[in-house]
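An overview of the molecular structure
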Amino acid sequence: MPSRAKERILDIAATQKADGSAYHQYQPLTKRGNNDIGSGFNDDPLWLISGTAAYIKESGDFGILKETVPFDNDPKDSATLFEHLKRSFHHVLENLGRTGCP
């Protein structure tokens, strides 16, 4: 169901914060991140990268990378999905734990 997978990826990307960090939990009904579950799970941004890569591998839809998506559901602060993925990657690299893992 590529259309539903694409919608979910874009919804999750819209909950990403501008610094590349991510909420630990996403609420599909409200399409918002959940602050109440805690934070500091620095591997969370990697799931957006992994999910997008799997979607493109299955669908061949590279156009998803050009979709404009807001940060933290704020339409005044938006970027392409590709920019969201870059910020996810850099956020993880810049926030490794003391063991060198995300």
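Scroll up for the structure.
Report follows, based on the coordinates. (Residues numbered from 1 in each chain as written. Predicted model: local features only at pLDDT ≥ 70, side-chain atom pairs only at ≥ 80, totals over all residues. Heavy atoms only, no water.)

**A short note on the nonpolar core**
Where a protein is soluble and globular, its nonpolar side chains tend to be buried together. With 12 residues, the main nonpolar core is built from Ile9, Leu10, Ala13, Ala14, Leu48, Tyr55, Ile56, Ile64, Leu65, Val69, Leu81 and Leu85. Elements represented by at least two residues in this core include exactly α1 (2-13), α2 (44-59) and α3 (81-94). (Core = buried A, V, L, I, M, F, W, Y, C linked by side-chain atoms within 4.5 Å. Buried < 20%, exposed > 50% of the residue type's maximum accessible area, 1.4 Å probe, protein only. Helix = DSSP H or I, 4+ residues; strand = E, 2+ residues; numbered from the N terminus.)

**Looking at the packing of α1 against α2**
For any two helices packed against each other, one specifies the inter-axial angle together with the distance between the axes. Where α1 contacts α2, the axes come no closer than 10 Å and their chain directions differ by 155 degrees. Taken together, the axis directions place α1 and α2 in an arrangement best described as roughly antiparallel. Crossing hand, α1 versus α2: left-handed. Counting all contacts with α1, which are made through Pro2, Ala5, Lys6, Ile9, Ile12 and Ala13, the residues of α2 involved are Leu48, Gly51, Thr52, Tyr55 and Ser59. For the contact of α1 with α2, a count of residues per class yields 7 nonpolar, 3 polar and 1 charged. (Axes fitted to C-alpha atoms, helices over the stretch in contact; angles between N-to-C directions. Parallel < 35°, antiparallel > 145°, perpendicular 65-115°, else oblique. Left-handed = near helix turned anticlockwise from the far one by under 90°. Contact = heavy atoms within 4.5 Å. Nonpolar A, V, L, I, M, F, W, Y, C, P; charged D, E, K, R; others polar.)

**Structural notes on the packing of aromatic side chains**
If you walk through the whole model with that rule in mind, you get 0 aromatic pairs. Across from the ring centre of tyrosine 23, 4.5 Å away, lies the NZ or CZ of lysine 17, which sits over that ring. (Phe/Tyr/Trp six-rings, centres within 6.5 Å; stacked < 30°, edge-to-face > 60°. Lys NZ or Arg CZ within 6 Å of the ring centre and 35° of its normal.)

This is a description of form; function is not addressed.
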